[in-house]
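Here are the chains, one letter per residue:
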Amino acid sequence: MSELLELVLPTFITWSEQFVLVFFLLINLGYGTLLLLAVPEIWSHWHIADDEGVKRVLAGDALPPLTMLVPAHNEEVSIVSSVLSFLTLEYPSHEVVVVNDGSTDATVARLIEAYDLYEVPPAFSMRIPTAEIRAVYRSRTHAKLLVVDKANGGKADALNCAINCARFPFVIAVDADTLVEPDALQRLARPFLLGESVAAVGGTIRVVNACRVEQGRVVDARVDSRFLPAVQVVEYLRAFLFGRLGWNRLGGSLIISGAFGLFRRSYLLDIKGYQTGNVTEDMDLVVRLRRYLYDNKIRATIPFVPDPVAWTEVPISLKVLARQRERWHRGLILGLLQHRDLFFNAKYGVMGLLVYPFFVLEAIAPLIELLGVGLVALSLLSGSFDPVFAQVFLLVAYLFGVLLSVWAVMLEEFTFRRYPHRSDFWRMMLLAVAEGFVYRFATVGFRLHAFWKVLRRDDTWGRMIREGYAAAPRVTKSPGGR
């Protein structure tokens, strides 16, 4: 038996090492392509964003009216200031629909008091079924505001309720604790002025931790002095500034952030809105929307625009980060499994032949990375250590990721430059290196845990702890799948 093992083991290690290297070469080739495509894309958006003529048009009445969809669950601490920030955004015509999703705190009471709400009959049709609606309110002080109080059904259910209530042809989904920059809606709606049919638009999410916030606005963007929230600044820059921008040139990504995305309402009604009980309802919505466009031969784009910015709070503890990243990756796996018929399906064009397969590579990457590390350990134990494999594996699995992060920071510095302090730039450059090694190992572990939860059919979200924009932290728990 030992002789057979001695014969088989070296062959197994050799073939496995070749498989791992080919896998990472393929996925890094994809990342490199996205990076190259992102450069001209961000350059064009940067110049359009700075064009004075475009700014004047965006400030006029040419933009379509839109409805902001704000699902809220146990947001009594920040709901009043968040809603005020949404109501006062710079946009020619918009309304705000807040859906209280069965909160157990004083969310509704705070809104009633702050905005002088009074109950009105529901004047909308339930084209998408949702949990029971308890009451509908209008404001005596803000005509743009509509508040719906409903039984708990989860975030997706609350968004569906808001879609039903919306009066305008375009809707933008935002989280109740998201801070949207004053002109972000104007920038997000810019593709509608460029002569193309647009089905949806994604914007950029940035990290608000350590930023100075006044009256619901980020007035001084800073990078946190603590490692965990600071390294996520670099992670978000890489994801948005070259990942999603690169996909623009290839037909669009499969993801629009659930915290900041604009959609044509009629299409959402046609696909019956968000899928309830889904741990990443935002990705599922975009995939179903893109399928709907292909199936009905509708030539409409789903671009990403980098300069509309919304700010969100990221986890400050490893425990909370683990829950979030595990859930994100679990949602990616489940979403890909649900739409597995897309895999190399020429009927769906670039989405089936390129975008979906690449997301599959991203989904299984933690397993292949674990295999690579295991092979290095196994070869050391068996006395067949291959230094060439170890060096190449380090290069393709880790050092290339560091280069991508460094480039993302450089893109940010030479274009939009939302972090004006020089010390923050150098901190991000150092974090780009640390993110590729220290932080990377942790997130790989979280994503590996997602596979275990998928096998166990565990669909829990867990408890999420946020600091808030004040000193005291708050805890939110979302029953019913939230």
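Rules used throughout
- Residues numbered from 1 in each chain as written.
- Predicted model: local features only at pLDDT ≥ 70, side-chain atom pairs only at ≥ 80, totals over all residues.
- Heavy atoms only, no water.
- Helix = DSSP H or I, 4+ residues; strand = E, 2+ residues; numbered from the N terminus.
- Contact = heavy atoms within 4.5 Å.
- Axes fitted to C-alpha atoms, helices over the stretch in contact; angles between N-to-C directions.
- Parallel < 35°, antiparallel > 145°, perpendicular 65-115°, else oblique.
- Left-handed = near helix turned anticlockwise from the far one by under 90°.
- Pairing = 2+ DSSP bridges.
- Salt bridge = Lys/Arg side-chain N within 4 Å of Asp/Glu carboxyl O.
- Buried < 20%, exposed > 50% of the residue type's maximum accessible area, 1.4 Å probe, protein only.

Engineer: Which parts of the structure should I look at to understand the environment of Asn-248?
Structural biologist: If you trace the backbone, Asn-248 turns up in helix 7 (residues 227–248). The sequence separation of Asn-248 and Gly-401 amounts to 153 residues, and the corresponding C-alpha distance is 21 Å. Not counting the four nearest positions on each side in its chain, Asn-248 is found in contact with Glu-41, His-45, Pro-303 and Phe-304.

Engineer: I'm lost on the packing of helix 10 (residues 318–338) against helix 11 (residues 349–382) in this one. Help?
Structural biologist: The description of two helices packed together rests on the angle between their axes and the distance between the axes. Contact geometry for helix 10 and helix 11: axes closest at 10 Å, N-to-C directions at 135°. By the angle between their axes, helix 10 is oblique relative to helix 11. Crossing geometry of helix 10 relative to helix 11 is assigned as left-handed. Seen from helix 10, the contacting residues are His-329, Leu-332, Leu-336 and Leu-337; seen from helix 11, they are Tyr-356, Phe-359, Val-360, Glu-362, Ala-363 and Pro-366.

Engineer: In this structure, what is going on with the sheet that holds strand 6 (residues 170–174)? I would like to understand it.
Structural biologist: Sheet strands pair by backbone hydrogen bonding; their relative direction is either parallel or antiparallel. What the 10 strands build is an open sheet, ordered 3-4-5-2-1-6-11-8-12-7; its pairing is mixed. Either end of the sheet is taken by a strand with one partner, and the two such strands are strand 3 (117–120) and strand 7 (179–180). Where strand 3 meets strand 4 (residues 133–139), four bridges bridge the pair, whose relative direction is antiparallel. Across the sheet, residue Glu-119 finds its bridge partner in strand 4, namely Tyr-137. In this fold helix 3 (residues 79–87) packs onto strand 1 (66–72), strand 2 (94–101), strand 5 (145–150), strand 6 and strand 7, with an angle of close to 155° to the strand it touches most, strand 2.

Engineer: How do you make sense of the pattern of salt bridges when you look at a structure like this?
Structural biologist: Pairs can form between side chains of opposite charge once their charged atoms are near each other. Scanning the model with the defined rule gives 28 salt bridges in all. Note that Lys-453 is salt-bridged to Glu-326, the shortest N-O span being 3.7 Å. Here Glu-326 lies in helix 10 and Lys-453 lies in helix 13 (residues 422–456), a separation of 127 residues in the sequence. Given the relative accessible area of 3%, Glu-326 is considered buried.

Engineer: For this particular structure, what's the right way to read the environment of Ile-112?
Structural biologist: Relative to the elements of secondary structure, Ile-112 occurs in helix 4 (residues 107–115). What makes Ile-112 partly exposed here is its relative accessible area of 32%. Separated by 27 residues in sequence, Ile-112 and Ser-139 place their C-alpha atoms 8.2 Å apart. When sequence neighbours within four positions are dropped, the list of residues in contact with Ile-112 reads Leu-117 and Tyr-137.

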